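Commentary on secondary and tertiary structure
Single-letter residue listing:
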Amino acid sequence: MAYVDEKKVDVIDKEKSASFIDQEYDQALREPPAEETLHRGLKARQISMIALGGAVGTGLIIGSGTALTRGGPLGLLLGYAYVGFVCYLVMVSLGEMAAFLPHKKGFAGYATRFVDPALGFALGWNYLMKYLVVTPNNINAAGVVVQYWTRSVHIAIWMVIFIVFIFVVNLLGVRVFGELEFWFSSLKIVALIGLLLMGIIIDLGGNPQHDRIGFRYWRAPNGPMGKYLLDQVHNESLSIFLGFWATLTNALFAYMGTELIGVTVGEAENPRKNIPIAIRRTFWRILVFYVGGVFVIGLIVPSTNENLFTAIRARTGAAASPFVVATTLVGIKVLNHVINSAILIFVMSAANSDLYIGSRTLYGLAVEGKAPAIFKKVNRLGVPYPALILCTLFCGLVFLNVKSSGARVFGWFVNLVSTFGALTWMCILYSHIRFMKALKAHGLSRDDLPYKAPFQPWGAWFAFGSTILITVFKGFDTFLPWNAPNFVTSYVAIPVFFFLWIGYKLAFRTRVIPYEEVDLVTGLREIDEEEAKYLADEAAKGPRSRLKRLWDSL
């Protein structure tokens, strides 16, 4: 089904021919030829589960402990709920663009098309740098998780095994990757549900001590709000506020990765139907797993407990999870290994999907002419193998952490990742704001789109302003006291981003595209044809059985 009628297409084409569109912009509008394109092999259930699994990770199961000590149980809940709402607004903004134009160039393609080719260049490389850093970070986490059970095998050997594993999975094509990630994400969800139920049972007294905890840890001297940096600021009210603000910066890192569905649209079957389904479910996964998860953690772990403080400073593993602290407090000892197994699944799934996203981001840049042309080559399975190889080579950064001193380096990398991710969110939101204004300028209604994002346009502006505010002040504690390495890693991504943006603009003399000249047509016909072919193929298969329909709905 076409979403732009022919008369409006003719008007837009005339406007476009009368306007100046440089070569870079024109190249960015075109889909790559068949021999250089990705394959649409991700099924609806795989996209939904990848999106679900991408929304939960070690930021919740491990990093929430840090936020609890700083913000207290109420501060933790409010902080994750606020950033969760911002994350949801980012996702619906992305979903509206992705459902209208499910192209194969990722977020950078939307920034190039709706804002400025220079912004697309900066966003693409910014997002790529994020995944060149976060992939080895997750490989390192997996190596340390395994060391919880045995240290007889050197951690470097485990790291090599994990790198080879995720490389082979990605090399086998999107169908193998999608199927594996489906089961990885399924196990993650089962594990999270189990942890949440365990926490509720512990809180209600179902523990070896038969101690009904209730909201005990929400009252003094533990809660409800934490007192962060009290010795430095010497003001209790200010320290409570700083504790709450610290939960925002922690939650920002925890939610990073939910936007990965925007990378999968280029390889999704029937994207105009499946992408909106996955986006709509984002609200519930944020509410249940993140907000519900931190609520349960605040019930069963006191924010002032020294074991928690030790746990959040430990290297990644079962000892780093507040859920383990909770089981220890009530005398449960056998669950540590189960939780550690869950964490291993979490980090391996994250590393696998991170390598996928990094390679597709580099491919998208190459297709737009913003990276060397060799990276747009694909094999017969539709895998951009030169991009995959380069991103895998960057996994070698993980060996910085073979020595204990390397852990400090990767702590800085976490700061980098959160800033890279925040800049990505801002660019997605700004691209959507301009997309909405371009639709209006061309006389097109958002009501006719395959997916209409709720809470717009104020929702995009609210999320945009909130993300800017959190990012600007995310490194406030680097001044109390002054910590130069943490300050640099908290903020260096910002000048790098603007250097890429302004440098490209000056070099190629690009401009912000006027709303009337934004191209809302190119590529739609090809997507309509792909959609029609897919629907025809599905119809030719005949009616689906009740079991298959149930399986897909799950």
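These figures come from a predicted structure and were not determined experimentally.

1. Description of the overall build of the chain
Scanning the chain from terminus to terminus reveals 24 helices and zero strands. Expressed as a percentage of the 554 residues in the chain, the buried residues total 58%. By sequence separation, contacts in the chain at least 24 residues apart represent 82% of the contacts at least 6 residues apart. Of the accessible surface of the chain, which amounts to about 22700 Å², a share of 66% is contributed by carbon and sulfur atoms.

2. Brief notes about unusual backbone geometry
Cis geometry marks the peptide bond from Ala220 to Pro221; its omega dihedral reads 5°. With respect to the helices and strands, Pro221 occurs in the loop between helix 9 (174-203) and helix 10 (230-233). Going from Gln456 to Pro457, the amide bond is cis rather than trans, its omega being 5°. Positioned with a positive phi, Leu229 is a non-glycine residue whose angle comes to about 60°.

3. Some remarks on the side chain of Asn207
Relative to the helices and strands, Asn207 resides in the loop between helix 9 and helix 10. You can call Asn207 buried: its relative accessible area is 4%.

4. Description of the environment of Gly358
Structurally, Gly358 can be placed in helix 17 (residues 336-367). Given the relative accessible area of 3%, Gly358 is considered buried. Residues within four places of Gly358 in sequence aside, it is in contact with Leu128, Tyr131 and Cys391.

5. Observations regarding the packing of aromatic side chains
Using the criterion set out here, one finds 34 aromatic pairs in the structure. Pairing Phe85 with Phe455 gives two aromatic rings, centres 6.1 Å apart and planes at 75°, and the pair type is edge-to-face. On the criterion of sequence distance, the pair formed by Phe85 in helix 5 (residues 64-100) and Phe455 in the loop between helix 19 (406-441) and helix 20 (458-472) is long-range, its members being 370 residues apart. Each ring, one from Phe487 and one from Tyr491, has its centre 5.2 Å from the other, and the planes form 50°; the classification is tilted. One end of the pair is Phe487 and the other is Tyr491, both in helix 21 (residues 484-491) and four residues apart, which spans about a single turn. By relative accessible area, which is 27% here, Phe487 ends up partly exposed. An aromatic cluster of at least three residues, connected via ring pairs, comprises Tyr82, Phe85, Tyr88, Phe455, Trp458 and Phe462. Here the basic side chain of Lys188 rests over the ring of Phe346, its NZ or CZ set 5.5 Å away from the ring centre.

6. Brief notes about the packing of helix 8 (residues 155-171) against helix 18 (residues 385-393)
The N-to-C vectors of helix 8 and helix 18 enclose an angle of 165°; their axes lie 11 Å apart at closest approach. Taken together, the axes of helix 8 and helix 18 are roughly antiparallel relative to one another. For helix 8 against helix 18, the interelement crossing comes out right-handed. In contact with Ile163, Phe167, Asn170 and Leu171 of helix 8, helix 18 contributes Tyr385, Leu388, Ile389 and Thr392.

7. Structural notes on helix 16 (residues 322-329)
Most of helix 16 is tucked away, with six of its eight residues classed as buried. Turning to helix 16, its buried residues are Pro322, Phe323, Val324, Val325, Ala326 and Thr327.

8. Quick look at the confidence of the model for the chain
On average, residues of the chain carry a pLDDT of 80, and 81% of them reach 70 or more. Confidence, read as mean pLDDT per element, is least for helix 1 (residues 6-18) in the chain (44) and greatest for helix 20 (95). The model gives residues 6-22 a pLDDT under 50, and that stretch makes 17 contacts with residues more than four places away or in other chains. Contacts of residues 309-318 to residues separated by more than four positions or lying in other chains number 26 contacts, the stretch itself having pLDDT below 50.

9. Side note on a nonpolar patch on the surface
On the surface, a cluster of nonpolar side chains totalling about 460 Å² of accessible area is made up of Val160, Val164, Val168, Leu172, Val176 and Phe399. If you tally residues by element for the nonpolar patch, the top one is helix 8, at three residues. Structurally, Leu172 can be placed in the loop between helix 8 and helix 9.

10. Comments concerning the packing of helix 5 against helix 6 (residues 106-114)
Running from N to C, helix 5 and helix 6 cross one another at 80°; their axes reach a closest spacing of 11 Å. With respect to helix 6, the axis of helix 5 lies roughly perpendicular. Counted together, Leu94, Met97 and Ala98 of helix 5 and Phe107, Tyr110 and Phe114 of helix 6 form the full contact between these two elements. Of the residues assigned to the contact of helix 5 with helix 6, the class counts are six nonpolar, no polar and no charged.

11. Topic: the nonpolar core
By size, the foremost hydrophobic cluster in this structure holds 150 residues, and its most contacted members are Tyr80 and Tyr255. Take this core: its biggest share by element is 18 residues, from helix 5. Every residue in contact with Tyr80, bar those within four places of it in the chain, is listed here: Gly59, Gly63, Ser64, Ala67, Thr247, Asn250, Ala251, Ala254, Tyr255, Tyr290, Val291 and Val294.

Reading the values: rules and limits
Residues numbered from 1 in each chain as written. Predicted model: local features only at pLDDT ≥ 70, side-chain atom pairs only at ≥ 80, totals over all residues. Heavy atoms only, no water. Helix = DSSP H or I, 4+ residues; strand = E, 2+ residues; numbered from the N terminus. Buried < 20%, exposed > 50% of the residue type's maximum accessible area, 1.4 Å probe, protein only. Contact = heavy atoms within 4.5 Å. Areas by Shrake-Rupley, 256 points an atom, 1.4 Å probe, with all protein chains shown as cover. Phe/Tyr/Trp six-rings, centres within 6.5 Å; stacked < 30°, edge-to-face > 60°. Lys NZ or Arg CZ within 6 Å of the ring centre and 35° of its normal. Axes fitted to C-alpha atoms, helices over the stretch in contact; angles between N-to-C directions. Parallel < 35°, antiparallel > 145°, perpendicular 65-115°, else oblique. Left-handed = near helix turned anticlockwise from the far one by under 90°. pLDDT = per-residue confidence, 0-100. Patch = residues over 30% accessible without salt bridge, like charges linked within 9 Å, V, L, I, M, F, W, Y side chains within 5 Å. Salt bridge = Lys/Arg side-chain N within 4 Å of Asp/Glu carboxyl O. Nonpolar A, V, L, I, M, F, W, Y, C, P; charged D, E, K, R; others polar. Core = buried A, V, L, I, M, F, W, Y, C linked by side-chain atoms within 4.5 Å.

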